[in-house]
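# Summary of structural features
As a plain string of letters, each chain reads:
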Amino acid sequence: YKSKHITLTGEVTELLKFIQERITYGSLSKLFWENDNPINEERIQIILENLMEAYFYSKGVDITREALLGSGKVDFKLHRNKSEKNEKILIEVKKAKSSYLKAGYERQLTEYIKSSRCTNAFYLIACFTDDEYEKAYNFIRNHIYTDNFQMYINIEILDVRKKIPASKNISKSRRVIRKKQK
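Only a predicted model underlies this, so the values are computations on that prediction, with no experimental measurement involved.

### Topic: the overall build of the chain
Regarding its fold elements, the chain presents 5 helices and 7 strands. Within the span of the chain, comprising 182 residues, buried residues form 40% of the whole. Looking at the chain as shown, the accessible area adds up to about 11,300 Å², and 48% of this sits on carbon and sulfur atoms.

### As for the layout of surface pockets
Estimated volume of the largest pocket: approximately 160 Å³. Each residue belonging to the lining of the largest pocket can be placed in one class, and the counts come to 1 nonpolar, 3 polar and 4 charged.

### Here we look at the packing of aromatic side chains
Here the structure, examined in full by the defined rule, presents 5 aromatic pairs. When the centroid spacing of 5.4 Å and the interplanar angle of 80° are considered together, the rings of Trp 33 and Phe 128 count as edge-to-face. Of this pair, Trp 33 sits in strand S1 (residues 33–34) while Phe 128 sits in the loop between strand S6 (120–127) and helix H4 (130–142), and the two are 95 residues apart along the sequence. Residues Trp 33 and Phe 128 agree in their burial class; the two are buried. Note on Tyr 123 and Phe 139: the rings are 6.1 Å apart at their centroids and 35° apart in plane angle, and the pair reads as tilted. Of this pair, Tyr 123 sits in strand S6 while Phe 139 is found in helix H4, placing the two residues 16 residues apart along the sequence.

### What about the sheet that holds strand S7 (residues 153–159)?
One open sheet holds the 5 strands; their spatial order is S3-S4-S5-S6-S7, and the pairing between them is mixed. Here the strands that pair on one side only, and so sit at the sheet edges, are strand S3 (61–69) and S7. Averaged over all pairs of adjacent strands, the angle between their axes in this sheet comes to 25°, without regard to strand direction. Inspection of the sheet shows strand S4 (residues 72–81) paired to strand S5 (residues 86–95) by 6 bridges, in the antiparallel sense. Opposite His 79, over in S5, you have Lys 88 as the bridge partner.

### A word on empty space enclosed by the protein
Taken as a whole, this structure holds 1 cavity of 30 Å³ or more when the rule is applied. Where the lining of the largest cavity is concerned, the elements lending two or more residues are helix H1 (8–25) and helix H2 (41–56). Top element by residues in the lining of the largest cavity is H1. It accounts for 3 residues. Each residue belonging to the lining of the largest cavity can be placed in one class, and the counts come to 8 nonpolar, no polar and no charged.

### Thoughts on H4
Over its 13 residues, H4 extends 18 Å from the first C-alpha to the last, a length consistent with the 18 Å expected when each residue adds 1.5 Å. All of the buried residues along H4 are Glu 132, Ala 136 and Phe 139. Angular distribution of buried residues about the axis of H4 spans 60°; they occupy a single face of the element. Counted as exposed and oriented over 90 degrees from the buried face of H4: Asp 130, Asp 131, Arg 141 and Asn 142. Buried residues along H4 sit against helix H3 (101–116), S6 and S7.

Reading the values: rules and limits
Residues numbered from 1 in each chain as written. Predicted model: local features only at pLDDT ≥ 70, side-chain atom pairs only at ≥ 80, totals over all residues. Heavy atoms only, no water. Helix = DSSP H or I, 4+ residues; strand = E, 2+ residues; numbered from the N terminus. Buried < 20%, exposed > 50% of the residue type's maximum accessible area, 1.4 Å probe, protein only. Areas by Shrake-Rupley, 256 points an atom, 1.4 Å probe, with all protein chains shown as cover. 1 Å grid on protein atoms, 1.4 Å probe; cavity = no way out; pocket = protein on both sides within 12 Å on 5 of 7 lines; lining within 4 Å. Points joined across faces, edges and corners; volume = space filled by probe spheres on them. Nonpolar A, V, L, I, M, F, W, Y, C, P; charged D, E, K, R; others polar. Phe/Tyr/Trp six-rings, centres within 6.5 Å; stacked < 30°, edge-to-face > 60°. Pairing = 2+ DSSP bridges. Axes fitted to C-alpha atoms, helices over the stretch in contact; angles between N-to-C directions. Expected span 1.5 Å × (residues − 1). Arc of directions from axis to C-beta. Contact = heavy atoms within 4.5 Å.

This is the structure in structure tokens:
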């Protein structure tokens, strides 16, 4: 597999787009729910770790989960050492309902970037409800970089809200049409 991306940041961005597409249009979303309840952050990390391992298997990217950096552990550290450049990416995952959503971005991930001398990072916000999605969307609007480190953080939404099956969506729209006809 040859990538059209030059940087590891581009590769991670492409992978996150693919994951979101498989959640939205495939059955990957089922892994994020258990007994009609959202899974915890650790399970989200396990799913992402396996998807990243498969995606980066033959691309010379080392993936470390729960890498110790300075004062804590970042969820993922990705590293690719090419002869011309040494690339590192950090990924921190938070559920939108987390009380640490803001602190995770403003303090935690920023400290990890400083201590690892990393040039890019991703802050991935997992949303399970419409309210959480709205909260994440507003968070992004209000937290575009505010210092020299945060300008290198890409904030992404992992939208794992439950989808209405197409068959139920068709019957729902038929009911709406019938009501309008009356």
